[in-house]
Amino acid sequence: MRSRDLLGVVLAGGEGRRFGGGKALAPLAGRPLAAWSLRALDACLPGSVVVANEPGISQALGVRGRRDHVPGLGPAGGLLTALRWAREEGKEGVFVLACDLPLMTPLVVERVLGAWSRDAPAVVPESAGSMEVEPLCAGYGAACLPPLEELLLEGPAPVVELLRRVRPRRVPASTLGSPEALREAFLNVNTRQEMVRAGELLARRGNGELREGGP
């Protein structure tokens, strides 16, 4: 996997209804929430960018940013914008990471990236969650753009529906780390209580620093 093949994109366009408002810039262990995802992603794909609808997020993170091309489509709309952006820049696709995965580590990102190849439309890690995969910590090739555009013609749809249509390469969870480490890496901050939990786990890692050894 050559990092120049994919554009790293943090998706930060959610409305944060369960959180009580926009969460991308909410403080966590001395950094905006989205900065933790950006840190893990940028370690593997330098020059990563952000897709966000809330004003000021890209400036706060110090990276390039864009708003959704088509508002109101949720994470799939963010992926649509990301794939179009990658196409403009001559990339083969994108690796997206949700802004609310603050305990994600570069090691997990690197291992998922290691499964990327041109003969797979997408690469996605397996997990113990209800969807069995993590569609917002995944790589999507240019071949995903037409089926995604077709899917969204019908209105908002979950990204996992795209995965059902394109048959991605799945990265076994057993290759990504221990079950406990993956539960941390894939901790999704949707509520204030989950933010508190994320802060506790980051503090346990040592002053909010990501573990160099990974899971």
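Look up: the structure comes first, before these words.
What counts and what doesn't
- Residues numbered from 1 in each chain as written.
- Predicted model: local features only at pLDDT ≥ 70, side-chain atom pairs only at ≥ 80, totals over all residues.
- Heavy atoms only, no water.
- Salt bridge = Lys/Arg side-chain N within 4 Å of Asp/Glu carboxyl O.
- Helix = DSSP H or I, 4+ residues; strand = E, 2+ residues; numbered from the N terminus.
- Buried < 20%, exposed > 50% of the residue type's maximum accessible area, 1.4 Å probe, protein only.
- Expected span 1.5 Å × (residues − 1).
- Pairing = 2+ DSSP bridges.

## Description of the pattern of salt bridges
In the structure shown here, the tally under the stated rule is 13 salt bridges. Residue arginine 170 pairs with glutamate 126 through a salt bridge whose shortest N-O separation is 3.1 Å. Taken together, the residues arginine 170 in strand β9 (residues 169–171) and glutamate 126 in the loop between β7 (122–125) and β8 (137–141) connect sequence positions 44 residues apart. Judged by relative accessible area, which is 25%, glutamate 126 ranks as partly exposed. Of the charged contacts, one joins arginine 164 and glutamate 161 as a salt bridge, the two residues approaching to 2.9 Å between their closest N and O atoms. Taken together, the positions of arginine 164 and glutamate 161, both in helix α6 (residues 159–166) and three residues apart, correspond to about one turn of that helix. Owing to a relative accessible area of 55%, arginine 164 belongs among the exposed residues under this scheme. On the basis of relative accessibility, which here comes to 23%, the residue glutamate 161 falls in the partly exposed class.

## Digging into helix α3 (residues 74–88)
It helps to recall that an α-helix has 3.6 residues per turn; residues three or four apart then point in one direction. Between the first and last C-alpha of α3 there are 22 Å, a value that for 15 residues agrees with the 21 Å anticipated at 1.5 Å per step. The complete set of buried residues in α3 reads Ala76, Gly77, Gly78, Leu79, Leu80, Thr81, Ala82, Leu83, Trp85 and Ala86. Looking one or two residues beyond α3, the residue adopting positive phi is glycine 90, at roughly 75 degrees.

## A look at the pairing of strand β6 (residues 93–98)
Burial analysis of β6 places six of its six residues in the buried class, which makes it a mostly covered element. The alternating pattern of β6 places Gly93, Phe95 and Leu97 on one face and Val94, Val96 and Ala98 on the opposite face, and all of these are buried. Where strand β1 (residues 6–11) lies against β6, six bridges are found, and the strand directions are parallel. If you follow leucine 6 over to β6, its bridge partner there is glycine 93.

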